[in-house]
Amino acid sequence: MSDTFFSSAPHWTWFIIPYFFIGGLAGGAYFLAAILEWFGRPDDRPVVRTGYDVAAVGAIVSGLLLTVDLGQPLRFWHMLFQSDNLPAIIFKPWSPISFGAWAILLFGLFSVLSALGARAEEGRLKNPALRAVGTAVQGRALAKVVAAVGGLFGFFVAGYTGVLLSVTNRPIWADSPWLGALFVASGASTGAATLILLAPGRGATARSLAWLSDFDFKALIVELLILVLFIASLWPIRQVWVSFWGVLLLVGVVGAGIVAPLRLHAHPARAARWVLFGGFLLRVTTLLASEGIEHYRVALGL
Amino acid sequence: MGQALGFFTDTTICIGCKACEVACKNWNQLPAENGGVREMSGDSYDNTQKLDGIHWRHVKFIEQFDGPYNGRWLMMSDVCKHCVQAGCLEVCPTGAIIRTQFDTVVIQSDVCNGCRACIAACPFGVIDMNPVAGTAQKCTLCHDRLEVGLEPACAKACPTDSIQFGPIDELRERAQKRLTQLHAMGEKRAQLYGDDPKGPLGGLNSFYLLVDEPEKYGLPRNPQLPSRNLKKAGAFSAASAAVLGLLAVVGLRKRRMDDMSGGSAN
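Keep in mind that this is a model prediction, so the values were computed, not measured. (Residues numbered from 1 in each chain as written. Chains lettered and ligands numbered in written order. Predicted model: local features only at pLDDT ≥ 70, side-chain atom pairs only at ≥ 80, totals over all residues.)

## Digging into the environment of A:G180
Point 1. Along the chain, the position of A:G180 falls in helix α6 (residues 179–198).
Point 2. On the neighbour-count criterion, A:G180 (33 C-beta atoms within 10 Å) is buried.
Point 3. Here the alpha-carbon distance between A:G180 and A:L116, two residues 64 residues apart in the chain, equals 30 Å.
Point 4. Among all residues touching A:G180, those that are not within four sequence positions of it are A:G159, A:Y160, A:G162, A:V163, A:S166, B:A233, B:G234, B:F236 and B:S237. (Helix = DSSP H or I, 4+ residues; strand = E, 2+ residues; numbered from the N terminus. Buried ≥ 20, exposed ≤ 12 C-beta atoms within 10 Å, placed from the backbone. Contact = placed C-beta atoms within 7 Å.)

## Things to note about the interface of chain B and chain A
Point 1. Listed per partner, the contact involves 56 residues of chain B and 56 residues of chain A.
Point 2. Broken down by secondary-structure element, the contributors of at least two residues to the side of chain B that touches chain A are α2 (87–91), α3 (117–121), β6 (128–130) and α7 (230–265) of chain B.
Point 3. If one sorts the elements of the side of chain B that touches chain A by residue count, α7(B) sits on top with 17 residues.
Point 4. Counted by class, the side of chain B that touches chain A contains 28 nonpolar, 19 polar and 9 charged residues. (Nonpolar A, V, L, I, M, F, W, Y, C, P; charged D, E, K, R; others polar.)

## Quick word on the domain arrangement of chain B
Point 1. Its domain assignment divides chain B into domain 1 (5–224) and domain 2 (227–265).
Point 2. Computed over C-alpha atoms, the centres of domain 1 of chain B and domain 2 of chain B are 50 Å apart. (Domains from an automatic or database assignment.)

## Quick look at helix α1 (residues 16–39) of chain A
Point 1. Taking 1.5 Å per residue as the helical rise, α1(A) with its 24 residues ought to reach 34 Å, and the 34 Å between its terminal C-alpha atoms agrees with that figure.
Point 2. Counting buried positions along α1(A) gives 21 out of 24 residues, so the element sits mostly inside the fold. (Expected span 1.5 Å × (residues − 1).)

## What about the sheet that holds strand β8 (residues 163–167) of chain B?
Residues and elements named next belong to chain B.
Point 1. If you walk across this open sheet you meet the 4 strands as β8-β1-β10-β9, and the pairing is mixed. Two strands in the sheet have a free side with no partner beyond their single neighbour: β8 and β9 (191–193). Here the strands of the sheet are splayed against their neighbours by 20° on average, with no regard to which way each runs.
Point 2. Here β9 pairs with strand β10 (residues 206–210) via 3 bridges, running antiparallel. Residue pairing for β10: L192 is matched across the bridge by L209.
Point 3. Each of β1 (5–10), β8, β9 and β10 touches helix α6 (residues 168–184); the most contacted strand, β8, lies at about 135° to it. (Pairing = 2+ DSSP bridges. Axes fitted to C-alpha atoms, helices over the stretch in contact; angles between N-to-C directions.)

## Comments concerning the confidence of the model for chain A
Point 1. Model confidence for chain A is summarised by a mean pLDDT of 93, while 97% of its residues fall at 70 or above.
Point 2. Per-element mean pLDDT across chain A ranges from 88 in helix α9 (residues 268–299) of chain A up to 98 in α6(A). (pLDDT = per-residue confidence, 0-100.)

## A word on the pairing of β1(B)
Residue and element names in this part refer to chain B.
Point 1. With 6 of its 6 residues buried, β1 lies for the most part within the structure.
Point 2. Across the two faces of β1 the burial is the same, with L5, F7 and T9 and G6, F8 and D10 all buried.
Point 3. For β1 and β8, the ladder comprises 5 bridges, and the chain directions are antiparallel. When the sheet's bridge partners are listed, G6 is paired in β8 with G166.

## A short note on the environment of A:F31
Residues and elements named next belong to chain A.
Point 1. Counting through the fold element by element, F31 comes out in helix α1.
Point 2. Residue classification places F31 among the buried residues on the basis of 31 C-beta atoms within 10 Å.
Point 3. In this structure the C-alpha to C-alpha distance between F31 and V284, which are 253 residues apart in sequence, comes to 24 Å.
Point 4. If we skip the residues at most four places from it in the chain, F31 touches G151, G154, F155, A188 and G191.

And the structure:
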């Protein structure tokens, strides 16, 4: 038996699961927007603007979900500042939940800046102060710098959640080092899927959407490969998959979330919906499969 | 830091009276659950079942029977191990978990924000949420009593001295003598768990004398710090991000080349 089976479940469930999913797709969407900001063409701008908007909304929703999930929500700032020694910050580079709190804050800052730039680009900012900020980061060298830094934070937010799970003593999570990589790939695929669904409403061209669809196809293949490595790395505790969660992983995550959209490659919008469904189920499965072992352990009186 | 203090629990003389549980609940004013109505486990004298945010002591009843008249109970009063290298302290993002002057590990409830990272980090399943406080809680080794020179409530209440409190060095010597005595009496299964400062987690400031394998008591054989996975998991994530970034850029380059070849064809 793995030594991880003697730990207790942290009850990270119905606020954390959507956070992992939304944070992942927001990070992935921003990363793709940043790539297009640097290397895209003018007709890719609708996708760039959509990516920034998705990231900004996703980062804000992520922050809210994280805060609501706390046992003491009004103390959320204790993760950022030393509560008895203000304004000294608290930052533990060896603790993913510590550097993750800073990453989500900074990702939120950069994604909101970029989203303001996108709105200024479309002439949709009425407030003079916001318009000044938006104009400053729009269509200039500064926009590229913001996109580059924000893009790194985006992928960081998408992946750190998996690293956070691995840096525990819980079964499944701490038994494999592949969860972070898996969540990065899933963040990229769900981010691309979100843009495929939303960017046409902002005037995205067929050419941009074809690139997104092509990238999503490749990201799904990377995700599938990492998922195989993840499952293989859990061979010593393979009995955990002889459960409902094993079926959900196989049918929901692999079948509906990866294989089905790969086969639907010629229909990007339909494929994208399955990608989002599978990305959500990936978080559900990885979190609840480990949480469920707690009940099993208690039932055995261990 | 002052002298390291802790517990040595000799499970061979635990009689399962649960006085330690009661004393702990009483001194630390821990709330009842379920409106004070105890839910029975139904198949054991162990109705507490696990350590959590409102049960900082838990007397385990491990029933080893292969017939009605052939078997034994292993009883063990479980508690926070006050690890020398503590996983909970390592991951806590708020600084709520501290190492005290007694080399114990304490959660400051007024700093904790209930993120629950420590619960998943503890290899022993010691910590959980206190639903009244909304924070993670566990044994403090009666920090308030130590500060005024009193021993922890559980050790004070233990009628058989199964729970012994004192300076860790003295407790280790006492434990070694007891181990030697048991081996001389023929109890070859006797072993110490967590007494070795060169062992897992730098040793446990709450260590045990067991008469079966650690797993039988619900204890991990080789408890580890959660950060053992950090470098590898971080490297794999970065590699994954690099591959995906490369795929995205290569895709754009291919699109540009296709445009150019299409343009030259026209």
